[in-house]
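Residue strings, one per chain:
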Amino acid sequence: MAQQGSGGNVLAAICSFFIPGLGQLVQGRILPAIIFFIATAGLYATVVAWFIGAIVHIWAIVDAARYNGLAEQVD
């Protein structure tokens, strides 16, 4: 996808703000999207671990914003 700091990453971060993992899905990263969504939803569902769920949610947003697709491409 686009480089870090590009408009695509900003859009992905906004998507992850509303639904954890959606930004990764927009970037085409299926497995991280599923993991972030399930982990965040599961932690939010348990009242005791709600704070940890919020941390994972923020992590999903930052991960979407900082993703650099060029680093994964090997020539």
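For the structure given in this document, a descriptive report is provided here. (Residues numbered from 1 in each chain as written. Predicted model: local features only at pLDDT ≥ 70, side-chain atom pairs only at ≥ 80, totals over all residues. Heavy atoms only, no water.)

This next bit is on the packing of aromatic side chains. The relation between two aromatic rings is expressed through the spacing of the ring centres and the mutual angle of the planes. Evaluation of the coordinates by the stated rule reveals 3 aromatic pairs. Plain terms: the ring middles of Phe36 and Trp59 are 5.3 Å apart, the flat faces sit at 85° to each other, and that makes the pair edge-to-face. Of this pair, Phe36 sits in helix α3 (residues 30-45) while Trp59 sits in helix α4 (residues 50-66); the two residues are 23 residues apart in sequence, bridging distant segments of the chain. Of the residues examined, Phe36 reaches a relative accessible area of 9% and is grouped as buried. Among the residues examined, Trp59 registers a relative accessible area of 54% and is labelled exposed. Pairing Tyr44 with Trp50 gives two aromatic rings, centres 5.6 Å apart and planes at 35°, and the pair type is tilted. The ring of Tyr67 carries Arg29 above its face, with NZ or CZ at 4.0 Å from the centroid. (Phe/Tyr/Trp six-rings, centres within 6.5 Å; stacked < 30°, edge-to-face > 60°. Helix = DSSP H or I, 4+ residues; strand = E, 2+ residues; numbered from the N terminus. Buried < 20%, exposed > 50% of the residue type's maximum accessible area, 1.4 Å probe, protein only. Lys NZ or Arg CZ within 6 Å of the ring centre and 35° of its normal.)

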